[in-house]
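Observations on the model geometry
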Amino acid sequence: MLTVPQVKDLLSRRLCEYRYVHSLNVADEARRLAAIYGEDGDRAYYAGLIHDAMKDVTHDSALSYMKNYGINLTELELAGTKLWHSILGADYAARFIGVTDEGIINAVRYHTTARAGMSLLEKIIYLADYTSAERSYNGVEDMRAAVDVSLEKAMKIALDFTVNDLNSKGVPIHPDTLAALNEINVILT
Ligand code: DGI
Ligand code: FE
Ligand code: FE
């Protein structure tokens, strides 16, 4: 597995400046949340750092990557190009960054859609992506307040926000996202 300085060097070349800074911020936020909720800080930092490693590849490179490495997407996933970077990112983490920790690989894999039965690390990366320092969307302060109080309540707010936003645009919701939302609604009932 690449060292943190090696990963930073790799990402600084693979990502645009905004996305590189975002990755550093998600890593910092993941470490902070790990300390609050009892996850390993280095593991959370590493997962945060690499979560968007495949975000800035071109459409054509992403398609070649899928073809080369036999990554098969569902029809919904193929249509949802924003979903590609997390699916390819998990493969890239294992194949090229040398990550063997399945928990880190899954945190990358599910950081965009979420899923039912998420691990603590998966929730931390999913949420750190919403509350990282450079985020400035409407409602980010509510998200930041929620994430310090309860991961479950923060997941509920984030999933509601995402599903409502996608619905308003007529974008298909990934089944993993719906399963995550249903699960959290049952838990919080
Ligand atoms: O990579 P980031 O921008 O940091 O954040 P992200 O990985 O959470 O990606 C957010 C994008 O993913 C956003 O444009 C909405 C899209 N997305 C999230 N959940 C779903 C989704 N797209 C589809 N089609 N279905 C989903 O369930
Ligand atoms: Fe992402
Ligand atoms: Fe991100």
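Report on the accompanying structure. (Residues numbered from 1 in each chain as written. Chains lettered and ligands numbered in written order. Predicted model: local features only at pLDDT ≥ 70, side-chain atom pairs only at ≥ 80, totals over all residues. Heavy atoms only, no water.)

Next up on the list: the coordination of the iron ion (ligand 2). Within the protein, the iron ion (ligand 2) binds to Asp52 (OD), His85 (NE2) and His111 (NE2); these donor distances fall in the range 2.1 Å. When the donor residues of the iron ion (ligand 2) are listed from N- to C-terminus, their spacing reads D-x32-H-x25-H. Using a relative accessible area of 2% as the deciding quantity, one classes histidine 111 as buried. (Donors = N, O, S within 2.8 Å, 3.2 Å for Na, K, Ca; no water. Buried < 20%, exposed > 50% of the residue type's maximum accessible area, 1.4 Å probe, protein only.)

Our focus in this paragraph is the coordination of the iron ion (ligand 3). For the iron ion (ligand 3), every protein donor is listed as His22 (NE2), His51 (NE2), Asp52 (OD) and Asp129 (OD), and the spread of their distances is 2.2 to 2.3 Å. All donors to the iron ion (ligand 3) come from one chain, and their sequence spacing reads H-x28-H-D-x76-D.

Scanning all chains against the criterion turns up 14 salt bridges. With its nearest N and O atoms 2.6 Å apart, the salt bridge here joins aspartate 101 to arginine 43. In this pair, aspartate 101 sits in the loop between α6 (84-95) and α7 (102-109) while arginine 43 sits in helix α3 (residues 41-50), placing the two residues 58 residues apart along the sequence. You can call aspartate 101 partly exposed: its relative accessible area is 24%. For arginine 43, a relative accessible area of 23% translates into the label partly exposed. (Salt bridge = Lys/Arg side-chain N within 4 Å of Asp/Glu carboxyl O. Helix = DSSP H or I, 4+ residues; strand = E, 2+ residues; numbered from the N terminus.)

A few words now on the packing of aromatic side chains. Under the defined criterion, the tally for this structure stands at 7 aromatic pairs. Aromatic side chains tyrosine 137 and phenylalanine 161 sit 5.5 Å apart centroid to centroid with 40° between the ring planes, which places their arrangement in the tilted category. With a gap of 24 residues between them, tyrosine 137 in the loop between α8 (120-131) and α9 (140-149) and phenylalanine 161 in helix α10 (residues 151-168) connect regions that are remote in the sequence. Here the aromatic cluster, defined as three or more aromatic residues joined through ring pairs, consists of Tyr65, Tyr69, Tyr92 and Phe96. (Phe/Tyr/Trp six-rings, centres within 6.5 Å; stacked < 30°, edge-to-face > 60°.)

Let us now look at the site of ligand 1. As a structural note, the neighbourhood of ligand 1 is formed by 18 residues, with Lys55, Thr112, Arg135, His174 and Thr177 the closest of them. A distance of 3.1 Å separates an oxygen atom of ligand 1 from a polar side-chain atom of histidine 22. Histidine 85 places a polar side-chain atom, nitrogen or oxygen, 3.1 Å from an oxygen atom of ligand 1. Contact with the protein chains hides 85% of the accessible area of ligand 1, taken as 570 Å² for the molecule alone. For the shell around ligand 1, the elements supplying multiple residues, two or more each, are α2 (17-37) and α10. (Near = heavy atom within 4 Å. Polar contact = N/O pair within 3.5 Å; in protein donor to acceptor, adjacent residues only side chain to side chain. Areas by Shrake-Rupley, 256 points an atom, 1.4 Å probe, with all protein chains shown as cover.)

Below, the discussion takes up the side chain of arginine 109. Tracing the backbone through its elements, the reader meets arginine 109 in helix α7. We note that arginine 109 is buried and unpaired, the nearest opposite charge coming from glutamate 77 at a distance of 4.0 Å. Arginine 109 has contacts with Glu77, Ser86, Ile87 and Ala90, leaving out every residue within four places of it along the chain. (Lys, Arg positive; Asp, Glu negative; His and termini not counted. Contact = heavy atoms within 4.5 Å.)

Another point: the nonpolar core. As a rule of thumb, soluble globular proteins bury nonpolar side chains together. Counting 57 residues, the largest nonpolar core has Ile50, Ile97, Val99, Tyr126, Leu127, Met155 and Leu159 as the members making the most contacts within it. Per-element accounting of this core gives the leading share, 7 residues, to α8. Setting aside residues no more than four positions away along its own chain, leucine 127 makes contact with Met143, Val147, Leu151, Ala154, Met155 and Ala158. (Core = buried A, V, L, I, M, F, W, Y, C linked by side-chain atoms within 4.5 Å.)

Two numbers describe how α2 lies on α9: the axes approach to 9 Å, and their chain directions differ by 35°. Across the interface between the two elements, Glu29, Arg32, Leu33, Ile36 and Tyr37 from α2 touch Val147, Asp148 and Val149 from α9. Residue composition of the contact of α2 with α9, by class: 5 nonpolar, no polar and 3 charged. (Axes fitted to C-alpha atoms, helices over the stretch in contact; angles between N-to-C directions. Nonpolar A, V, L, I, M, F, W, Y, C, P; charged D, E, K, R; others polar.)

It is worth spelling out the environment of glutamate 183 at this point. Locating glutamate 183 in the fold gives a position in helix α11 (residues 175-187). Of the residues examined, glutamate 183 reaches a relative accessible area of 31% and is grouped as partly exposed. Sequence-distant contacts of glutamate 183, defined by excluding residues within four places in its chain, comprise Arg115, Ala116 and Gly117.

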